[in-house]
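Observations on the three-dimensional arrangement
These are the residues of each chain, in order.
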Amino acid sequence: MSSPGEYYNSLPPITKAYGTLCLFTTVANQLGLVAPVFIALIPELVIKQFQIWRLITNFFFLGGFSINFGIRLLMIARYGVQLEKGPFERRTADFLWMMIFGSLTLVVLSLIPFFWTPFLGVSLVFMLLYLWSREFPNANISLYGLVTLKAFYLPWAMLALDVIFGSPIMPDLLGIIAGHLYYFLTVLHPLATGKNYLKTPKWVNKIVARWRIGAPVASVRQAGGVGASGAGAGGSVGGGGAYSSARAPPESSNTAFRGRSYRLTD
């Protein structure tokens, strides 16, 4: 059995970096070093006061230390890692582009008042979960040991549980929308038309190559875009389970701005 240090070092680069930033942000919040109000996505502050950092920092806050925070972090460690090590193996640039595209999509959606949410970290995690469920739709998942279901239905089951336990539905829903948009543009549409309009830009490949992050160039590009759909992997939410593929290549805070009240929640 590997030690925590060995396990951490074995994680793929993009998922490891994102999970680490989420953990550090929550620790900083708990220590009082960073208040959620200073990193939340508040459109008026971004546009009128040029607080551009909010477009990025809001993705790193998954809420204060709680069961929900632990679950989200485990979702990154499980589903994000399995995506990056499986369908995106030796496709680090493609995985990074998927994260960038998903983040941009979530920001655009959040600018619509109906969809606005101050923190999009949970949405980005849910996007990873959704894409994983489409890659391994037949995997058997034990949901908290209560019921076993196919991975294809896992995002919707998690969304339903969040609603039952009183968590906001919008972050989960935004993640599903962003995930499906990426899956449609890189898999469904290319399969139907033979054209992929969401290819990884050259500048993303250059970043990966320049900083020597993971594998800079894919050895084999999947025609579908996201990757080869695997036969499935059994497992449980937040728990263990073997991974296999048939083909391998917070605390609440309040603020107000110009008469508009914002409630910043987990």
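Along each chain, the written sequence defines residue order, and numbers are assigned to residues from 1. In keeping with the predicted nature of the model, local features appear solely for residues at pLDDT of at least 70, side-chain atom pairs appear and are counted solely at 80 or more, and the whole-chain, interface and lining totals rest on all residues. Only hydrogens and water are set aside when side-chain values are computed; all heavy atoms of the structure are taken into account.

1. Brief notes about the nonpolar core
For soluble globular proteins, nonpolar side chains are generally found buried alongside one another. Joining through side-chain atoms within 4.5 Å is the link that ties buried Ala, Val, Leu, Ile, Met, Phe, Trp, Tyr and Cys residues into a set, and such a set is a nonpolar core. Each residue gets one of three labels from its accessible area relative to the maximum for its type: buried under 20%, exposed over 50%, partly exposed in between, using a 1.4 Å probe on protein chains only. Counting residues in each nonpolar core, the largest one holds 58 residues, and the members touching the most others are Tyr18, Met98 and Trp132. Here a helix means four or more residues in a row that DSSP labels H or I, a strand means two or more in a row labelled E, and each is numbered from the N terminus. Of all the elements in the fold, those that place two or more residues in this core are helix 2 (13-30), helix 5 (67-85), helix 6 (92-110), helix 7 (121-135), strand 1 (140-143), helix 8 (154-164), helix 9 (170-193) and helix 10 (202-210). Contact partners of Tyr18, with chain neighbours within four places excluded, come to Phe59, Phe60, Leu62, Ile76, Met99, Gly121, Leu124 and Val125. Counting 6 residues, the second largest nonpolar core, distinct from the first, contains Ala40, Ile42, Phe61 and Phe119. The contact criterion used is simple: two residues touch if any of their non-hydrogen atoms lie within 4.5 Å.

2. Describing unusual backbone geometry
Positive phi, normally seen in glycine, also occurs at Arg90, with a value near 60°. Inspection of the secondary structure assignment puts Arg90 in the loop between helix 5 and helix 6. Under the relative-accessibility criterion, Arg90 is labelled partly exposed at 45%. The phi dihedral of Arg212 falls on the positive side, at around 55°, and the residue is not glycine.

3. Some words on the UniProt feature "transmembrane region" (unreviewed entry) in the chain
UniProt positions are given in the numbering used here, feature names are shortened, and annotations may be inferred rather than shown by experiment. What UniProt calls "transmembrane region" (unreviewed entry) maps, in this numbering, to residues 17-43, 55-76, 96-129, 141-161 and 173-192. Secondary structure within residues 17-43 divides into 56% helix and 0% strand; the distance between the first and last C-alpha atoms comes to 26 Å. Annotated as residues 96-129, this span is 71% helix and 0% strand, and its ends, taken at the C-alpha atoms, are 16 Å apart.

4. Considerations on the pairing of strand 1
A regular strand places its side chains on the two faces of the sheet in alternate fashion. Side-chain alternation along strand 1 places Ile141 and Leu143 on a buried face and Asn140 and Ser142 on a face that remains uncovered. If DSSP finds at least two bridges between two strands, the strands pair. Alignment of strand 1 against strand 2 (residues 147-150), held across 4 bridges, turns out to be antiparallel. Counted as the bridge partner of Ser142 is Thr148 from strand 2.

5. Focus on the packing of aromatic side chains
The relative placement of two aromatic rings is captured by the distance of their centres and the angle of their planes. When the centres of two rings from Phe, Tyr and Trp lie within 6.5 Å, Trp using its six-membered ring, the rings pair. Their planes under 30 degrees apart give stacked, over 60 give edge-to-face, and anything left gives tilted. One pass over the structure, following the stated rule, counts 11 aromatic pairs. With 5.5 Å between their ring centres and 85° between their planes, Phe65 and Phe69 make a pair best called edge-to-face. For the pair Trp132 and Phe136, a centre-to-centre distance of 5.8 Å together with 45° between the ring planes defines the contact as tilted. Comparing Trp132 with Phe136 shows no difference in burial state: the two are buried. Through a chain of ring-to-ring contacts, three or more aromatic side chains come together here, namely Trp97, Phe101, Tyr182 and Trp203.

6. Focus on a nonpolar patch on the surface
For patch detection, residues must exceed 30% relative accessible area and be free of salt bridges, and they are connected within 9 Å for like charges or within 5 Å for nonpolar side chains (Val, Leu, Ile, Met, Phe, Trp, Tyr). Per-residue and other accessible areas were derived by the Shrake-Rupley procedure at a 1.4 Å probe size, with only the shown protein chains allowed to occlude residues. A side-chain nitrogen of Lys or Arg and a carboxyl oxygen of Asp or Glu constitute a salt bridge if their distance falls within 4 Å. Among the surface-exposed residues, Leu23, Phe24 and Phe65 lie close enough to one another that they form a single nonpolar patch of about 300 Å² accessible area. Of note, Leu23 is situated in helix 2.

7. Quick word on the pattern of salt bridges
Enumeration over the complete set of coordinates arrives at 2 salt bridges. One salt bridge connects Asp94 with Arg91, and the closest N-O pair in it is separated by 2.9 Å. Judged by its relative accessible area of 3%, Arg91 falls in the buried class.

8. Observations regarding the packing of helix 6 against helix 7
In helix packing, the relevant descriptors are the interaxial angle and the interaxial distance, both defined with respect to the helix axes. Only the stretch in contact is used when fitting a helix axis, every axis being a line fitted to C-alpha atoms; angles between N-to-C directions are given from 0 to 180 degrees. Relative orientation of the contacting elements helix 6 and helix 7 amounts to 125°, with a least axis distance of 10 Å. With respect to their mutual orientation, helix 6 and helix 7 come out oblique. At the point where helix 6 passes helix 7, the crossing takes the right-handed sense. When helix 6 is examined against helix 7, the residues Phe95, Met98, Met99, Gly102, Ser103 and Leu106 are found in contact with a partner set consisting of Ser123, Leu124, Met127, Leu128 and Leu131. Partitioned by chemical class, the residues of the contact of helix 6 with helix 7 number 8 nonpolar, 3 polar and no charged. Orientation is classified from the angle alone, with under 35 degrees giving roughly parallel, over 145 giving roughly antiparallel, 65 to 115 giving roughly perpendicular, and any other angle giving oblique. By convention, the crossing between two helices is left-handed when the near helix turns anticlockwise from the far helix through less than a right angle, and right-handed when the turn is clockwise. All amino acids are sorted into three groups, where Ala, Val, Leu, Ile, Met, Phe, Trp, Tyr, Cys and Pro are nonpolar, Asp, Glu, Lys and Arg are charged, and the leftover types, Gly among them, are polar.

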